[in-house]
Amino acid sequence: QVQLVESGGGLVQPGGSLRLSCAASGSIFSIYAMNWYRQAPGKQRELVAGITSGGSINYADSVKGRFTISRDNAKNTGYLQMNSLKPEDTAVYYCNADIRPFALGTINNYWGQGAQVTVSA
């Protein structure tokens, strides 16, 4: 019914940039918080950035100043602009969102399929 589809991952050299997109589709009444997580090999999944429906934003210290989270409510899409990428940014990036599928419906949490980001020379 509701799904989050990620795109924009790939291979990039250190110092390069990538833009991840997270498009919500299906039955959507309202999207509340949208978040980006990442999981590197051998490490736990961590919160990278989050944005509320009101526009409040938070970033992990490791990406602050380099990454920018945003959303286009008309398109039901969230974005993560990643600049000055470092090898340690290599991970699978997951989109996450709280969504109300219909009026008076329950707010559920959804996950994207994950997008591989590899930063290497």
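Quick summary incoming for the structure in this document. (Residues numbered from 1 in each chain as written. Predicted model: local features only at pLDDT ≥ 70, side-chain atom pairs only at ≥ 80, totals over all residues. Heavy atoms only, no water.)

### Some words on the sheet that holds strand E3 (residues 18–25)
- Read across the open sheet, the four strands follow the order E1-E3-E8-E7; overall the sheet is antiparallel. Sheet topology places strand E1 (3–7) and strand E7 (67–72) at the edges, where each strand pairs with a single neighbour. The sheet shows a mean angle of 15° between the axes of neighbouring strands, taken without regard to direction.
- Here E3 pairs with strand E8 (residues 77–82) via six bridges, running antiparallel. Within E8, the residue paired with Ser 21 across the bridge is Tyr 79. (Pairing = 2+ DSSP bridges. Helix = DSSP H or I, 4+ residues; strand = E, 2+ residues; numbered from the N terminus. Axes fitted to C-alpha atoms, helices over the stretch in contact; angles between N-to-C directions.)

### Focus: the nonpolar core
- Formed by 30 residues in total, the largest nonpolar core has its most connected members in Leu 80, Met 82 and Tyr 93.
- For this core, the secondary structure elements donating two or more residues are E3, strand E4 (30–39), strand E5 (46–51), E7, E8, strand E9 (91–100) and strand E11 (115–119).
- The greatest single-element share of this core, amounting to five residues, is contributed by E9.
- Ignoring any residue separated from it by four or fewer positions in sequence, one finds Met 82 in contact with Gly 16, Ser 17, Leu 18, Leu 20, Arg 66, Phe 67, Tyr 93 and Val 117. (Core = buried A, V, L, I, M, F, W, Y, C linked by side-chain atoms within 4.5 Å. Buried < 20%, exposed > 50% of the residue type's maximum accessible area, 1.4 Å probe, protein only. Contact = heavy atoms within 4.5 Å.)

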